[in-house]
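Architecture and fold: a report
As a plain string of letters, each chain reads:
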Amino acid sequence: MKDIRLDSPVEGELVALSAVNDPVFGSGAMGRGAAVRNPKGQVFAPFDGEITVFFETKHAIGMKSEDGVEVLIHVGMDTVKLNGEHFTAKAAQGDKVKKGQLLLEFDPEAIQAAGYETTTPFVVTNAADYGDITVALGDQTVVAKAAVDAPAAPKAAVADDHEYDNLPDEQRVAKLIWKYVGGKDNVRNAEHCATRLRLIINDKSKIDEKAIENIDGVKGQFFAAAQYQIILGTGFVDKVFDEFIKGTTFSGVSNKEEAYAQMTPIQKVSRTLGDVFVPIIPVLVATGLFMGLRGACQALGLEFSKNVLTMSQVLTDTAFIFLPSLVCWSTMKRFGGTPVIGIVLGLMLVAPQLPNAWAAIPGGAQEPMMMDVLGFSVPVVGYQGSVLPALVLGIFGAKLQKWLKKFVPDVIDLIVTPFLTLFIGMIVGLLVLGPIMHGIENAVFGAVQAFLQLPFGIGGLVVGGLQQVIVVFGVHHIFNALEVQLLATTGVDPFNAIITGAIIAQGGAAAAVAARTKNKKKRALYVSSIVPAFLGITEPVIFGINLRLMKPFLYALVGGACAGCLASFMHLAGTGMGITVLPGTLLYINNLLPYILVNVVGFAVAFGLTFTFFKPEEDE
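What this report covers is the structure whose coordinates are included nearby.

Rules behind the numbers
- Residues numbered from 1 in each chain as written.
- Predicted model: local features only at pLDDT ≥ 70, side-chain atom pairs only at ≥ 80, totals over all residues.
- Heavy atoms only, no water.
- Helix = DSSP H or I, 4+ residues; strand = E, 2+ residues; numbered from the N terminus.
- Rg over C-alpha atoms; globule rule 2.2 N^0.38 Å.
- Buried < 20%, exposed > 50% of the residue type's maximum accessible area, 1.4 Å probe, protein only.
- Contact = heavy atoms within 4.5 Å.
- Areas by Shrake-Rupley, 256 points an atom, 1.4 Å probe, with all protein chains shown as cover.
- Pairing = 2+ DSSP bridges.
- Salt bridge = Lys/Arg side-chain N within 4 Å of Asp/Glu carboxyl O.
- Core = buried A, V, L, I, M, F, W, Y, C linked by side-chain atoms within 4.5 Å.
- Phe/Tyr/Trp six-rings, centres within 6.5 Å; stacked < 30°, edge-to-face > 60°.
- Lys NZ or Arg CZ within 6 Å of the ring centre and 35° of its normal.
- Axes fitted to C-alpha atoms, helices over the stretch in contact; angles between N-to-C directions.
- Parallel < 35°, antiparallel > 145°, perpendicular 65-115°, else oblique.
- Nonpolar A, V, L, I, M, F, W, Y, C, P; charged D, E, K, R; others polar.

**Details of the overall build of the protein**
Assigned secondary structure in the protein consists of 22 helices and 19 strands. Relative to the 2.2 N^0.38 estimate, which gives 25 Å for 620 residues, the radius of gyration of the protein is 26 Å and therefore close to what a compact globule would have. Seen along its three principal axes, the alpha-carbon backbone of the protein occupies a region of about 80 × 65 × 50 Å. For the protein, the residues scored as buried account for 48% of the 620 residues in total. Considering only contacts in the protein between residues 6 or more positions apart, those separated by 24 or more positions represent 72%. Carbon and sulfur atoms make up 62% of the accessible area of the protein, which totals about 28,000 Å².

**Considering the sheet that holds strand S9 (residues 96–97)**
The strand order across the open sheet formed by seven strands is S2-S3-S11-S7-S6-S5-S9, and the pairing between neighbours is antiparallel. The outermost strands of the open sheet, each flanked by one partner alone, are strand S2 (13–16) and S9.

**Points about the pattern of salt bridges**
Applying the stated criterion to the full structure yields 12 salt bridges. Ionic pairing is found between Arg37 and Glu13, a salt bridge with its closest N-O pair at 3.6 Å. One end of the pair, Arg37, is in strand S3 (residues 32–37); the other, Glu13, is in strand S2, with 24 residues separating them in the sequence. Classification of Arg37 by relative accessible area gives partly exposed; the value is 26%. Note that Asp275 is salt-bridged to Arg334, the shortest N-O span being 3.0 Å. Of this pair, Asp275 sits in helix H7 (residues 265–277) while Arg334 sits in helix H10 (residues 323–334), and the two are 59 residues apart along the sequence. Through salt bridges that share partners, Asp78, Lys81 and Arg198 make up one connected network.

**Re the nonpolar core**
Where a protein is soluble and globular, its nonpolar side chains tend to be buried together. Ranked by internal contacts, the top residues of the largest apolar core, which has 56 residues, are Phe277, Leu284, Leu323, Val327, Val484, Phe495 and Leu572. Non-local contacts of Val327, meaning those with residues more than four positions away in its chain, are made with Val276, Phe277, Ile280, Val387, Ala390 and Leu391. Core analysis: the next-biggest nonpolar cluster, separate from the first, contains 35 residues, Ala91, Phe106, Tyr116 and Ile133 among them.

**Topic: the environment of Phe603**
Looking at the element boundaries, Phe603 is found in helix H21 (residues 592–613). Counting along the chain gives 398 residues from Phe603 to Ser205, while the straight-line C-alpha distance between them is 34 Å. In contact with Phe603, not counting residues within four places along its chain, are Ile504, Gly507, Gly508, Ala511 and Phe534.

**A word on unusual backbone geometry**
Positive phi, close to 50°, is recorded for Asn38, a residue that is not glycine. Tracing the backbone shows Asn38 in the loop between S3 and strand S4 (42–44). Although it is not a glycine, Lys58 sits at a positive phi angle of roughly 65°. Within the secondary structure layout, Lys58 lies in the loop between strand S5 (49–54) and strand S6 (60–65). You can call Lys58 partly exposed: its relative accessible area is 27%.

**Points about the packing of aromatic side chains**
If you walk through the whole model with that rule in mind, you get nine aromatic pairs. Between Phe419 and Phe423, the aromatic rings sit 6.2 Å apart at their centres with planes inclined by 5°, giving stacked as the arrangement. Taken together, the positions of Phe419 and Phe423, both in helix H13 (residues 410–452) and four residues apart, correspond to about one turn of that helix. With a centroid separation of 5.7 Å and an interplanar angle of 10°, the aromatic rings of Phe607 and Phe611 are classed as stacked. Of this pair, Phe607 and Phe611 both sit in helix H21, separated by four residues, roughly a single helical turn. Residue Phe607 is classed as partly exposed on the basis of its relative accessible area of 25%. Assessed through its relative accessible area of 39%, Phe611 is described here as partly exposed. Taken together through their ring pairs, the aromatic side chains of Phe534, Phe603, Phe607 and Phe611 make up a single cluster. Lying across the ring of Trp178, Lys184 places its NZ or CZ 5.6 Å from the centre. Of note, Arg516 hangs over the ring of Phe611, and the distance from its end group to the ring centre comes to 5.6 Å.

**A few points about the packing of H7 against helix H15 (residues 478–490)**
In the contact formed by H7 and H15, the axes pass within 6 Å of each other and the chain directions differ by 50°. As judged from the angle between their axes, H7 and H15 are oblique. Packed against H7, whose contacting residues are Val269, Ser270, Leu273, Gly274 and Phe277, the element H15 presents Ile478, Asn480, Ala481 and Val484 at the interface. Looking at side-chain class alone, the contact of H7 with H15 contains six nonpolar, three polar and no charged residues.

**Re the sheet that holds strand S10 (residues 102–106)**
Here we have three strands laid out as an open sheet, ordered S4-S10-S8, and antiparallel in their pairing. In this open sheet, the two edge strands, each paired with only one partner strand, are S4 and strand S8 (87–89). Going across the sheet, the axis of each strand differs from the next one's by a mean of 15°, ignoring polarity. In this structure, S4 lies alongside S10, joined through three bridges in antiparallel fashion. Bridge pairing in S10 places Gln42 opposite Glu105.

Now the structure itself:
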């Protein structure tokens, strides 16, 4: 097979597919190629050829070159849910295009603000026809090596599958999927993206996952975001979906509300917190990196002038001083209010006219401002660094604005609705919700701190041992609010060190599985899933290796518990959040050796247990 070289269709930072935070692209199930991190916002034709698929949602493009190379360009992860928002097509399906021709424009900042990752995979979907695939971008190159093992054995057919052998492929696959997902009574809704059929299932126990994986034409399956996702590939998924929904009332509209309805109350809370905090995490990550770099410079003996130190404090302190504004903005957006009203409501919580929260403490430089409300004396202060008052005020503001729109005439809505929302929101926020939520916040925060400070690292042991279980159940975003509060109040995040130990342990267990697996093709697939774990992304190793084999997942939990215990015992904490393992090193420049030790312990325990007690031939 001949090797091929392709130019990246998107400008940015070229990375291996294994760095993509998606089990389908990250594992290479859709084909071999590369990905572009921090894309510039334009997609160009990588060769002379034809656009074979241009999705209505504009987030993905399929192309075929004049010499037969078939590729998929997929902008971001789960961006199908944006329904074309922030994307502008510059070409159409069926167009003949020249290399370098502009195909698509998109707004990376807006996509990230909506809570979606913009890393863009670029894969050769008929990669089995070629040897090594090199993707080039300027002086950057990524080489996706061809599999060196023998071709995979054909999928085992289930006994009764042959009844559909004479049907076209899309009909056969659709009927078999219906058969093995438990019938039409077991599917509540269906949609598809560029590569996957996405189903909302009533009863997971009725699904025969092995049988679905053995369907010729199915490349894999997994559960994620309360959806059962079946990997079919570009183009083919459209055809299967059209056959799948025949005779149903499914329209192909977003499963988002259906998926949300199927979540448990804890999952709903976690998803809501994720929707609120994920858009603001990049700012807090950057702030943490600035703090780490400043601390490292000072530790090396570098002295800053007063003005330079002040400028550095602008970088490190601004996000936390105005944190309520960021939280209120994101909350208003999440609950359907006007985001700019959320910004102003949040700024009111930290208005300079109010006593500063950090100064208005017992014995502090300022006193709370006392307000008489219905005969009660209410202390009023700013809420610098607070999360819960801004979160609840954002929800209140969004609900209030929607309610007002029902009664305010359209002709004066532009003036009256914002006026009343801000006026009522300020009074309720500063005099009612603020004091109540701040009291609850302090109680929760105190309990969390006390738990993490339990002797002998017990708190870290529990969190480190259970954190990846929480990821599997999809409620890990619940940690976001706690981490933000810890950073805003103490300047450091002990959860980050514990979570790092749990993540590296999953990578260690998967590395042991790969080391013990004799099949070279499987080993290569496992290794491609392991690499993201060292960048802080565990979904590929959890769903692709450890959880499927179960024992490695359990051994990884033990490794995570040991690493978390050590991190808690040493009182290790990062200067920021959101990045872990290798990238997370930047948050621990002043505590580098303890951080390395935590990672080594997590990896070593999980790797050692898995390598010693896991036998691939028996357990697979």
